[in-house]
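What the coordinates show
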Amino acid sequence: MKRINLKKYPKVKLIEQPSSIYHLKRISKAVGVDIYIKRDDLFPVGFGGNKLRKLEYLLGEAEKQKATHVFTVGAIQSNHARMTAIAAKMFGFEIELFLKKSVPVKEGSYFNNGNIILNNIVNATIHEVTDNEKAYRAIEERKLTIEKESGKVYVIPVGGSNALGTLGYVDCYFEIIKQQNDMRLQFDLIATASGSGGTHGGLVVGKTLSETKINIKAYNVEPDQGELALHTLKIANEALELCESKISLSASDTVVSNEYSGTAYGIPSDFHIDTIKFLAKNEGIFLDPVYTSKAFTGLLMDIQNNVIKKGEKVLYIHTGGMPGIFAYPQYF
Ligand SMILES: *Cc1c(COP(=O)(O)O)cnc(C)c1O
């Protein structure tokens, strides 16, 4: 297997050791496919989750640029915004979140529980906006004000999903290869949720650079398709350039499944909620209502429909998001 050297991109340390992989014994037996789960949800910082891998590189770059402030964008219950806020505070940055009221829910808990409580505890400044365009306009205005006061702003895009953030999941792919060798296993498939493409893109880049052959399946968490696959392709190709690779990926390398994504971002369907209960009751592991329940539902449906064949070994990456459960009490 080929190795790569990403040392020239400075990282802050948010992750001490590889996330564990467990076999889901009861569910594997029930469905006839060996499902393993990689617990990126259990990283010790800030209630864990996939964004920490990206933030190691993104905040490393913010330090390199001598930024004083970090800004980012997300939905009101964004896990990315919460982890960015917590991690940025750990390294002494001021943090401002531009949170979009884009999800059609009215319950108060969506606006004052879950991730919002964690943002408040670390004293993140929150600006509520209506959409992406308004968010980026507000960011430009705040940036000017801070620069006038001699501060320097580092802006992290939605989900931390640019080429640099994506390198976090290139690292993850190499980590998985090492773990499967240590466990004397060979995974046939890695499955993950996809929202802004960085996790999926990084895994595809890792696979490409390592010249290994595990299939990768990404489940979109919203039904609208086109842009996500294209954005994933774009940042994956840019990440390959950062890795000094001459390989260029094509659209068939970043296909995203949207069959089981429900009606909209941030809105779980009954069958997603059933998946949360199924995993909690059988394995004691909790999925979140926005991302991981949708992807795990897709995985179970693909097994039921024989898209994933009996006897295959699947690694599901638990990308986090559990604080979101407390923003949606009406489903439980
Ligand atoms: C952001 C997020 C994802 C999606 O990851 P992307 O890299 O944005 O595609 C999946 N699960 C959880 C819990 C997330 O917060």
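Please read these numbers as outputs of a predicted model, since none were measured by experiment.

Rules behind the numbers
Residues numbered from 1 in each chain as written. Predicted model: local features only at pLDDT ≥ 70, side-chain atom pairs only at ≥ 80, totals over all residues. Heavy atoms only, no water. Helix = DSSP H or I, 4+ residues; strand = E, 2+ residues; numbered from the N terminus. Rg over C-alpha atoms; globule rule 2.2 N^0.38 Å. Buried < 20%, exposed > 50% of the residue type's maximum accessible area, 1.4 Å probe, protein only. Contact = heavy atoms within 4.5 Å. Areas by Shrake-Rupley, 256 points an atom, 1.4 Å probe, with all protein chains shown as cover. Lys, Arg positive; Asp, Glu negative; His and termini not counted. Charge placed at Lys NZ, Arg CZ, Asp CG, Glu CD. Domains from an automatic or database assignment. Buried area = accessible area lost by both parts, 1.4 Å probe. Pairing = 2+ DSSP bridges. Axes fitted to C-alpha atoms, helices over the stretch in contact; angles between N-to-C directions. Salt bridge = Lys/Arg side-chain N within 4 Å of Asp/Glu carboxyl O. 1 Å grid on protein atoms, 1.4 Å probe; cavity = no way out; pocket = protein on both sides within 12 Å on 5 of 7 lines; lining within 4 Å. Points joined across faces, edges and corners; volume = space filled by probe spheres on them. Core = buried A, V, L, I, M, F, W, Y, C linked by side-chain atoms within 4.5 Å. Expected span 1.5 Å × (residues − 1).

A word on the overall build of the protein
- Regarding its fold elements, the protein presents 11 helices and 10 strands.
- A globule of 332 residues ought to have a C-alpha radius of gyration of about 20 Å, and the protein, at 19 Å, matches this closely.
- Viewed in the frame of its principal axes, the protein has a C-alpha envelope of about 60 × 50 × 35 Å.
- Among the 332 residues that make up the protein, the fraction classed as buried is 57%.
- The long-range share in the protein, meaning contacts at least 24 apart out of those at least 6 apart in sequence, stands at 80%.
- Entry remark: accessible area of the protein is about 14,500 Å², with carbon and sulfur atoms responsible for 52%.
- Charge centroids of the protein, computed over 40 positive and 36 negative side chains, lie 4 Å from each other.

Observations regarding the domain arrangement of the protein
- Split into domains, the protein comes out as domain 1 (21-48 + 161-331) and domain 2 (51-160).
- The straight-line distance from the C-alpha centre of domain 1 to that of domain 2 is 24 Å.
- Between domain 1 and domain 2, roughly 2,500 Å² of surface is buried when both sides are summed, and carbon and sulfur atoms account for 62% of that area.
- Interface area lost by domain 1 to domain 2 is led by V45, L164 and A327, which between them contribute 18%.

What to know about the sheet that holds strand β7 (residues 189-194)
- Across the sheet, six strands lie side by side as β1-β2-β10-β7-β8-β9; this open sheet has mixed pairing. Strand pairing shows two members of the sheet lacking a second neighbour, β1 (21-23) and β9 (256-257), which therefore form its edges.
- Two strands pair when backbone bridges link them, and strand β8 (residues 215-220) and β9 are joined in this way by two bridges, in the parallel orientation. Pairing of Y219 across the sheet is with S257, part of β9.
- Packing of helix α11 (residues 292-304) onto the sheet brings it into contact with β2 (34-39), β7, β8 and β10 (313-318), and relative to β10 it is tilted by some 170°.

What to know about the side chain of T319
- Tracing the backbone shows T319 in the segment after β10.
- For T319, the contacting residues outside a window of four places in its chain are G49, N50, T192, A193, T199 and T292.

A word on the pattern of salt bridges
- Within the structure shown, the criterion is met by 14 salt bridges.
- Residue R53 pairs with E175 through a salt bridge whose shortest N-O separation is 3.0 Å. Of this pair, R53 sits in helix α2 (residues 51-64) while E175 sits in helix α7 (residues 163-182); the two residues are 122 residues apart in sequence, bridging distant segments of the chain.
- A relative accessible area of 4% means that R53 is categorised as buried.
- Residue classification places E175 among the buried positions, given a relative accessible area of 16%.
- Where salt bridges share partners, they join K38, D40, R53 and E175 into one cluster.

Points about the layout of surface pockets
- Volume-wise, the largest pocket comes out at about 950 Å³.
- If you go around the largest pocket, you meet 40 residues; those closest to its centre are V158, G195, S196, E222 and Y265.
- Of all the elements in the fold, those that place two or more residues in the lining of the largest pocket are α2, β3 (69-75), α3 (79-90), β7, α8 (198-210) and α9 (226-242).
- Both domains that furnish three or more residues to the lining of the largest pocket are identified here as domain 1 (21-48 + 161-331) and domain 2 (51-160).

Some thoughts on the nonpolar core
- Membership of the largest hydrophobic core comes to 92 residues, with the highest contact counts inside it found for I35, L167, I190, L203, F296, L299 and Y316.
- The biggest single contributor to this core is α7, with 10 residues.
- If you count residues domain by domain, this core takes at least three from each of domain 1 (21-48 + 161-331) and domain 2 (51-160).
- Core analysis: the next-biggest nonpolar cluster, separate from the first, contains eight residues, F71, V73, I139 and I146 among them.

A few points about α11
- Between its terminal C-alpha atoms α11 stretches 18 Å, which fits the 18 Å expected from 13 residues at 1.5 Å a residue.
- Taken across its 13 residues, α11 has 11 buried, putting it largely inside the fold.
- Along α11, the positions that sit buried rather than exposed are T292, S293, K294, A295, F296, T297, G298, L299, L300, D302 and I303.
- Contacts made by the buried residues of α11 are with α1 (25-31), β2, β7, β8, α10 (270-283) and β10.
- Of the residues one or two after α11, N306 is the one with positive phi, at around 65°.

Here we look at the sheet that holds strand β4 (residues 94-100)
- The four strands are arranged β5-β4-β3-β6 in an open sheet whose pairing can be described as parallel. Pairing within the sheet leaves two strands with one partner each, and these edge strands are β5 (125-129) and β6 (153-156). The sheet shows a mean angle of 20° between the axes of neighbouring strands, taken without regard to direction.
- As defined by bridge partners, β3 adjoins β6 across four bridges and the pair is classed as parallel. Paired with T72 across the strands is I156, a residue of β6.
- Here α3 sits on the sheet and contacts β3, β4 and β6; the angle it forms with β4, its principal contact strand, is near 175°.
- In this fold helix α6 (residues 132-148) packs onto β3, β4, β5 and β6, with an angle of close to 165° to the strand it touches most, β3.

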